[in-house]
Amino acid sequence: YSKESGRNAFHFFTADMNARVLERLSLETSLRRALERNEFVLHFQPQVGLIGEQRDQLVGMEALVRWQHPDLGLVAPGRFIPVAEDCGLIIALGEWVLRESCRQAREWQLIREAQGLSPVPVAVNISALQFRHSGLEASVVAALADSGLPPQLLELELTESIMMQDAERALELLDRLKQRGVSLSIDDFGTGYSSLAYLKRFPIDKLKIDRTFVRDIATSADDATIAATIVNMARSLKLLVLAEGVETEAQQAFLADLGCNYMQGYLVSPPVGADHFQTTYLLPAIAAEAGMI
Ligand code: C2E
Ligand code: MG
Ligand code: MG
Ligand code: MG
C-alpha cells in the first residue's frame, strides 16, 4: 500500500464506523420513541402437553415482544433487544412486557374461568440487565398487583448465563421471587454452562431444552443423547421439562417417548398476535377445530 491509499483506507474505516454509531444512535432514539408511542406488541406462542393427561392440552404460553414499526412493519426482537439491552432501555421495555403479559393473562384467566377451564400461565423472558437491575422484584410485584394476576400464573424465563454470572446473588433473588409465588424456568437450556451444584440449589421449576438440540433429535444420535440426558436430569432434579422449536411429528413422538412434559414450536403454532391467540387457542373447542387437539 502507498501512504496515500493507507490514509484513504483509514478515512474509509472511520467513516464506516461513524455510520454504524449513527445507525445505533438513531435506533436507540427510535426505540425510545417507540416505547412512548406504544409501538411494541406482544405475540403469544402456545405450549402444549406431550405426555399423560395433559397430552395435546394448552398448558402455557410464552409472551414474545415485537415492534410494530410504522414503516418497517413487524420487527423481530433479535433486531432490537440487544440494542435495548446495551442502552439500558430494556429496563423500561421489560417492565412494559411484564405489565402487558400479566394484564393479558389475567383477562384470559377470566375468560377461561367463565367456561369452567383452568387458567393458563404466561412465561415472560427476562434479560441479563433486567435481572441485574435492583428494581426487578418490585416490577414483578407491581405488575402482579396492578393486573390482579395470581403469581402462580406468572413464569419468568432466565438463561443459564444470567443465573451463573453472579450465582450467589442470583440464588438470593430467585429465592425471593419464588417466595412471591412466581415460577422460574431456564430458557435455551444446554447452550450455556450451568453448574450442577447450582442447578440443584436454584429454586427452578422447569428446563426449556434449546431448539438447537431438538432440531435433529430424530436423526442425530448425539442430539438424541443430549435431549435424553436433559430429560433424565430434569426428572432426577424433580424439574419439569419443555422442548423448544418442535416442528415435526417425528420430533414430537421422540420427545414424548423420552418423557418430556411439554413442547412449544411451529408444529403447534408460531407466536401469534393476542386476538389470533384468543380466537384460535384459548378455548378448547376452537383449538380442536384449529387441529391442535
Ligand atoms: P426465546 O425466548 O428462546 O424464544 C423462542 C424463539 O424461538 C422465538 O423467537 C420463537 O418465535 C422462536 N420459535 C418458536 N418455535 C419455533 C420453531 O418451531 N422453530 C423455529 N425456528 N423457531 C421457533 P423470537 O420471538 O424471534 O424471539 C427471539 C428471542 O428474543 C427470544 O428467544 C428471547 O430471547 C428474546 N425475546 C423475545 N421477547 C422478549 C422479551 O419480551 N424480553 C426479552 N428480554 N427478550 C425477549
Ligand atoms: Mg424464552
Ligand atoms: Mg428459548
Ligand atoms: Mg432462544
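Coordinates for the structure precede this section.
Here the structure is a predicted model, which means the values were calculated and not measured.

## Quick notes on the coordination of the magnesium ion (ligand 3)
Tetrahedral coordination by four donors puts the ideal angle at the metal at 109.5 degrees, and octahedral coordination by six puts it at 90 or 180 degrees.
Step number 1: Ligation of the magnesium ion (ligand 3) by protein atoms is provided by Asp187 (OD), Asp188 (OD), Glu244 (OE) and Glu244 (OE), these donors lying 2.0 to 2.6 Å from the ion.
Step number 2: Each donor residue of the magnesium ion (ligand 3) belongs to the same chain, and together they define the spacing D-D-x55-E.
Step number 3: The two metals, the magnesium ion (ligand 3) and the magnesium ion (ligand 2), are separated by 3.9 Å and share Asp187 as a common coordinating residue. Residue Asp187 is located in strand β6 (residues 183–189), and its partner Glu244 is located in the loop between β8 (240–243) and α11 (249–258); the two are separated by 57 residues in the primary sequence.
Step number 4: Here Asp187 falls in the buried class, since its relative accessible area comes to 8%.
Step number 5: Assessed through its relative accessible area of 11%, Glu244 is described here as buried.

## Regarding the site of ligand 1
Step number 1: Surveying the vicinity of ligand 1 reveals 21 residues, the closest of which are Arg66, Asn125, Asp187, Glu247 and Tyr266.
Step number 2: Interatomic distance of 2.8 Å between a side-chain N/O atom of Asn125 and an oxygen atom of ligand 1.
Step number 3: One of the side-chain nitrogen or oxygen atoms of Glu244 is found 3.3 Å away from an oxygen atom of ligand 1.
Step number 4: Contact with the protein chains covers 81% of the free accessible surface of ligand 1, which is 810 Å².
Step number 5: For the shell around ligand 1, the secondary-structure elements that each account for two or more residues are β2 (58–69), α2 (77–86) and β6.
Step number 6: Ranked by the residues each element gives to the shell around ligand 1, the list is headed by β2, at four residues.
Step number 7: Taken together, the residues that form the shell around ligand 1 break down as eight nonpolar, five polar and eight charged.

Rules used throughout
- Residues numbered from 1 in each chain as written.
- Chains lettered and ligands numbered in written order.
- Predicted model: local features only at pLDDT ≥ 70, side-chain atom pairs only at ≥ 80, totals over all residues.
- Heavy atoms only, no water.
- Donors = N, O, S within 2.8 Å, 3.2 Å for Na, K, Ca; no water.
- Helix = DSSP H or I, 4+ residues; strand = E, 2+ residues; numbered from the N terminus.
- Buried < 20%, exposed > 50% of the residue type's maximum accessible area, 1.4 Å probe, protein only.
- Near = heavy atom within 4 Å.
- Polar contact = N/O pair within 3.5 Å; in protein donor to acceptor, adjacent residues only side chain to side chain.
- Areas by Shrake-Rupley, 256 points an atom, 1.4 Å probe, with all protein chains shown as cover.
- Nonpolar A, V, L, I, M, F, W, Y, C, P; charged D, E, K, R; others polar.

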